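# Notes for the structure review
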Amino acid sequence: QANGLTNHTHVLSGYIGDASVVEQLAAIVSSLPGRREYVADPVFGDEGKLYVPSAIPEKFEELLLPLATVLTPNDFEVEVLTGVRISTLADAARACGVLFDKGPLLRTVVITSCSLSTGEVTLIASIRESAEAGRILVSRVARLDGYFTGT
């Protein structure tokens, strides 16, 4: 507020290393007037491991997920937020449904990387078109040898 940052219509968040920042961000996003877009990338773990304190995913689910209009987690982050193990495209679709149930403003979930098959990385987008149904879009790309972080 002191810096005049309360008139924006779009907010994007990524890595958050402290639970108090989650609380501050939730307060800011909630206070924005009118219709707003909030794109939330959880960025709290990958490949079965958290790289933030365990309080972060809990606070994210409690405070930020209900405010998000677009969510861009990887498959591990989806599993943490939903409790749904993603082994198939059907699992991913079910997990997206759980996320939509937890996020009343959520319209789009993009799972940025899933390892559903050997040699490929799958990107899954779920778009809520009504209260009951949505659309699933799938893109697959060849997995490159090597280890890469970030998007």
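This write-up is about the structure you can find in this document. (Residues numbered from 1 in each chain as written. Predicted model: local features only at pLDDT ≥ 70, side-chain atom pairs only at ≥ 80, totals over all residues. Heavy atoms only, no water.)

### So, the overall build of the protein chain
Per the secondary structure count, the protein chain includes four helices and eight strands. Taking 15 Å as the expected radius of gyration for a compact globule of 151 residues, we find that the protein chain reaches 16 Å, a close match to that expectation. Taken across its 151 residues, the protein chain has 39% of its residues classed as buried. Restricting to contacts in the protein chain with at least 6 residues of sequence separation, those with at least 24 account for 56%. Counting every atom, the protein chain has about 8500 Å² of accessible surface; 54% of that belongs to carbon and sulfur. Considering the protein chain, the positive charge centre built from 12 side chains and the negative charge centre built from 18 side chains are found 4 Å apart. (Helix = DSSP H or I, 4+ residues; strand = E, 2+ residues; numbered from the N terminus. Rg over C-alpha atoms; globule rule 2.2 N^0.38 Å. Buried < 20%, exposed > 50% of the residue type's maximum accessible area, 1.4 Å probe, protein only. Contact = heavy atoms within 4.5 Å. Areas by Shrake-Rupley, 256 points an atom, 1.4 Å probe, with all protein chains shown as cover. Lys, Arg positive; Asp, Glu negative; His and termini not counted. Charge placed at Lys NZ, Arg CZ, Asp CG, Glu CD.)

### Concerning the pattern of salt bridges
This model, assessed by the stated rule, comprises six salt bridges. As a salt-bridge pair, glutamate 79 and arginine 85 come within 2.9 Å of each other at their nearest N and O atoms. (Salt bridge = Lys/Arg side-chain N within 4 Å of Asp/Glu carboxyl O.)

### As for a nonpolar patch on the surface
Taken together, Leu89, Ile136 and Val138 make up a surface patch of nonpolar side chains, about 190 Å² in accessible area. Its location among the elements puts isoleucine 136 in strand E8 (residues 134-142). Look at isoleucine 136 and you get partly exposed, because its relative accessible area is 34%. (Patch = residues over 30% accessible without salt bridge, like charges linked within 9 Å, V, L, I, M, F, W, Y side chains within 5 Å.)

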